[in-house]
Amino acid sequence: MNIDPFVFLINTFFKIYIFIVLLRFLMQWMGADFFNPVAQFVVKVTKPILNPLRKILPSTGHFDLASLFGMIVLQALYGYLMTMLHGGQVNPVPLLIWSVGELIDLVLNTFVILIIVQAVLSWINPGVYNPAIALVHSITNPVLSLGRRVLPPISGIDLSPILVVIALEFLRRLIIPFFEQAIMTAQPIAL
């Protein structure tokens, strides 16, 4: 039996949905505007999974435990399904380590992409309101403000996005190898 169509379908569904749950997590963590139409979409799409989890794992301030736990469970389920479709065996410890490592990688890459999108759009079409761009700004501004503290704008040119992207990529290259090594020492899974 050709499993490629099933792999494609599972891969597409899980990656998109995990990304949407990540957006939900980042929106609360970064204090985004939940009245934004795009934010409302994210909230409605994630309600079926996160509302039951909220009964067990309530939010603590800006930290949404239900979204975090939901992402880990979805990532682990995705890894489990991919491993089973490829005929592999799953060990729960490496699967959990892999899931957390993949999510950290996704968070860092998401910030990098959103910061680049925000920077490019500020050059192309500054000052025009768009709900998606407003959400990008509300997610990235707390991180960029840290960069602006280290490197304030010079003659009106804000270089903090470059600094933050470099710092995030450095962090990713520093952290992700630890997860890869931990997976190899625990017992590899075929993903």
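**So, the layout of surface pockets**
- Roughly 420 Å³ of internal volume is contained in the largest pocket.
- Around the largest pocket, the lining comprises 22 residues; the ones closest to its centre are Trp 29, Ile 104, Val 107, Leu 108 and Phe 111.
- Along the lines of polarity and charge, the residues of the lining of the largest pocket split into 21 nonpolar, one polar and no charged.
- Volume-wise, the second largest pocket comes out at about 340 Å³.
- Of all the secondary structure elements, the ones that give two or more residues to the lining of the second largest pocket are helix H4 (92–124), helix H5 (131–150) and helix H6 (160–186).
- Of the residues forming the lining of the second largest pocket, the biggest block, seven residues, is contributed by H4.

**Things to note about the pattern of salt bridges**
- Counting across every chain of the model gives six salt bridges.
- Close ionic contact of Asp 64 with Arg 24 constitutes a salt bridge, the shortest N to O distance being 3.7 Å. Here Asp 64, found in the loop between helix H2 (37–56) and helix H3 (65–85), pairs with Arg 24, found in helix H1 (residues 4–29); they are 40 residues apart in sequence, far enough to count as distant. Residues Asp 64 and Arg 24 agree in their burial class; the two are buried.
- Arg 54 is paired through a salt bridge with Asp 64; the nearest N and O atoms lie 2.6 Å apart. Here Arg 54, found in helix H2, pairs with Asp 64, found in the loop between H2 and H3; they are ten residues apart in sequence, far enough to count as distant.
- Assessed through its relative accessible area of 21%, Arg 54 is described here as partly exposed.
- Looking at Asp 64, the relative accessible area reads 0%, which means it is buried.
- Three or more residues are tied together by salt bridges with common partners; here these are Asp 105, Glu 169, Arg 172 and Arg 173.

So, how was this worked out
Residues numbered from 1 in each chain as written. Predicted model: local features only at pLDDT ≥ 70, side-chain atom pairs only at ≥ 80, totals over all residues. Heavy atoms only, no water. 1 Å grid on protein atoms, 1.4 Å probe; cavity = no way out; pocket = protein on both sides within 12 Å on 5 of 7 lines; lining within 4 Å. Points joined across faces, edges and corners; volume = space filled by probe spheres on them. Nonpolar A, V, L, I, M, F, W, Y, C, P; charged D, E, K, R; others polar. Helix = DSSP H or I, 4+ residues; strand = E, 2+ residues; numbered from the N terminus. Salt bridge = Lys/Arg side-chain N within 4 Å of Asp/Glu carboxyl O. Buried < 20%, exposed > 50% of the residue type's maximum accessible area, 1.4 Å probe, protein only.

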